[in-house]
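Descriptive structure summary
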Amino acid sequence: MKFETVIVGGGISGLAALHYLKKLRPSMSVHLYEGADRLGGVIGTDIVDDYSCEWGPNGILDRSGLTRELCEDIGADGLLESANDSAKKRFILRGGKLRAAPMSLMSFITSRVLSPAGKLRIFMEPFTSSATGDDESIYSFASRHLGKEVADYLIQPMVTGIYAGSAERLSVRACFPALYDLDQESGSLIRGALASRKRKKRETASSEIDENTTKRKGSMRLLSLKRTGVQALIEEIAKSYADCVQTGARASNIVKRASGNGYVVQFDEGQDVECDNLILAIPSYQAESILSNVSQKLSQATGRIPYAPIAVVCLGYSEEAAPMALDGFGFLIPPSEKREILGAIWTSSIFPDRAPDGKVLLRVLLGGGANPQMLDRSDDELVAVCRKELGEIMNISEAPELVKMFRWTRAIPQYTLGHMDILADIDAELESLPGLHLAGNAYRGIGVSDCLENSLRIIESLPS
């Protein structure tokens, strides 16, 4: 069997690559293979007693506009929904109490997350010292620019919420390249941001506007799809291209084609599939295991990317069982608070219809890069930890009427110090392997929007 393009992996990156290829290269033959019995990877939803329990991401931050565009392309735009306005509110635990995270200048001034000294330290940012090396941890970067208190109580919880990792181990250049660039250009985030704003105004004023061209714009809103969440996006894409998708087909090896460029993908079932272009949209540790016969260097490089383990515990309660108002997205916990959970998401407050009437649904996160041993505990032990912590933080004393747990031993890629060196090694090796591409969240962005952007970039690079 032979196709011009083969996609291995049926998570959001692989399905997005399939969509963009069918949209931009409609004459090109393509087939997608997924090793599991279902599509979606870590994206999934279990409906239990009318509670919507999501396996992984509970929404998509529509930064580039690609999410809305994709839904429009496949006729799923009617399913889109934006997060409730209350979801803009985030909370940080400090001193055992939940305090509103500053989301504006006024709320920053009045916020009780930081002390007066911590707030004053931020105004010294334009006079901070320059970076001492090419790579720097997020924690070091934040401490240098904004002070240790901000690093401890704002930046580290934010990093936990995004990467489930430690700000002391993750690379600012790999995780937040825009901030790294501001530092490199101006030596100051504030001066750099002001200069960038002026530059954009000049570019906008001097550029000619083509009325026939519409630019894609992101809403920066958190989006999901009705009822079953992000899983519905997976289902709609799969429905649109059902004749190009095969599940239960696990790739076991890849070799170069004997004559000319291209590759042969070998599957556990014994079938071989030839292709000119091969897109591996699988976790990097899976890529490592099947790339060794194509390139030892590439295999080893993908294997150097670590992952953080996560346990997601969904808990359903009656509204009366949760005394405090769940008016917000949820809360995160700095490591200095010495808690066993990473935080909790107030799912039923973010999107409608995620819990039955008169009920609330919480998602508690445990483990992460800084505390991976949490996943060594039994389900009962993890639930007990959640109940104890929620009792002390949110004053919830009743037993939950719903418990649903998802364990991910390798949940979120960690862009640790040295990640950019890994990417350089990968890119250098891919230069010598025409037609081979790596997609997914292990390389340049872990969010769903990042996956869409990366898959689109790969398809745009394919020969017409």
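So, a few notes on the structure that sits alongside this text. Note that the structure is predicted; figures quoted are calculated from it, not measured.

**Focus on the layout of surface pockets**
- For the second largest pocket, the calculated volume is near 580 Å³.
- For the second largest pocket, the lining is made up of 18 residues, of which L146, L179, L189, I190 and A193 are closest to its centre.
- Secondary structure elements with two or more residues in the lining of the second largest pocket: α5 (138-146), α6 (148-163), α8 (177-186) and α9 (189-206).
- Within the lining of the second largest pocket, the residues separate by chemical class into 15 nonpolar, one polar and two charged.

**Brief notes about helix α16 (residues 448-461)**
- Taking 1.5 Å per residue, 14 residues should reach 20 Å; α16 reaches 20 Å between its end C-alpha atoms and fits that length.
- Most of α16 is tucked away: 10 of the 14 residues are buried.
- For α16, the complete set of buried residues consists of V448, S449, D450, C451, L452, N454, S455, L456, I458 and I459.

**Let's talk about the sheet that holds strand β5 (residues 60-61)**
- The strand order β5-β9-β6 describes an open sheet built from three strands, whose pairing is antiparallel. The open sheet has two edge strands with one neighbour each: β5 and β6 (80-82).
- Pairing analysis gives three bridges linking β6 to strand β9 (residues 222-225), with the strands arranged antiparallel. In the strand pairing of β9, L80 is matched with L225.
- Contacts from helix α2 (residues 66-73) reach β5, β6 and β9, with the element oriented near 155 degrees to β6.

**With respect to the sheet that holds strand β14 (residues 307-318)**
- Overall, mixed pairing links the seven strands, which are arranged β8-β7-β15-β16-β17-β14-β18 in an open sheet. Lying at the two open borders of the sheet, with one neighbouring strand each, are β8 (97-100) and β18 (402-413). Adjacent strand axes in the sheet meet at a mean angle of 25 degrees, parallel and antiparallel pairs treated alike.

**Digging into the pairing of strand β7 (residues 90-94)**
- Direction of pairing for β7 relative to strand β15 (residues 330-332): parallel, over a ladder of three bridges. Among the inter-strand pairings, R90 is bridged to a residue of β15, identified as G330.
- Two successive antiparallel strands, β7 and β8, enclose a turn made up of two residues, where G95 displays a positive phi of approximately 60 degrees.

**Some thoughts on the side chain of E136**
- Note on placement: E136 falls in the loop between α4 (116-122) and α5.
- According to the relative accessible area criterion, E136 is buried, its value standing at 13%.
- Within the structure, E136 has its side chain in polar contact with the backbone nitrogen of F141 (distance 3.4 Å).
- Within polar-contact distance, the side chain of E136 engages the side chain of R144 at 2.8 Å.
- With residues near it in sequence (within four places) discarded, E136 still touches A131, F141, R144, L170, S171, V172 and L417.

**Brief notes about empty space enclosed by the protein**
- Counted under the stated rule, the structure contains one cavity of 30 Å³ or more.
- Roughly 30 Å³ of volume is contained in the largest cavity.
- Taken together, A131, G133, D134, D135, E136, Y180, D183 and Q184 make up the full set of residues lining the largest cavity.

**Describing the pairing of β9**
- Of the two faces of β9, both are covered, the one formed by L222 and S224 as well as the one formed by L223 and L225.
- Here two bridges tie β5 to β9, and the two strands are oriented antiparallel to one another. Paired with L61 across the two strands is L222, which belongs to β9.

Definitions and cut-offs
Residues numbered from 1 in each chain as written. Predicted model: local features only at pLDDT ≥ 70, side-chain atom pairs only at ≥ 80, totals over all residues. Heavy atoms only, no water. 1 Å grid on protein atoms, 1.4 Å probe; cavity = no way out; pocket = protein on both sides within 12 Å on 5 of 7 lines; lining within 4 Å. Points joined across faces, edges and corners; volume = space filled by probe spheres on them. Helix = DSSP H or I, 4+ residues; strand = E, 2+ residues; numbered from the N terminus. Nonpolar A, V, L, I, M, F, W, Y, C, P; charged D, E, K, R; others polar. Expected span 1.5 Å × (residues − 1). Buried < 20%, exposed > 50% of the residue type's maximum accessible area, 1.4 Å probe, protein only. Pairing = 2+ DSSP bridges. Contact = heavy atoms within 4.5 Å. Axes fitted to C-alpha atoms, helices over the stretch in contact; angles between N-to-C directions. Polar contact = N/O pair within 3.5 Å; in protein donor to acceptor, adjacent residues only side chain to side chain.

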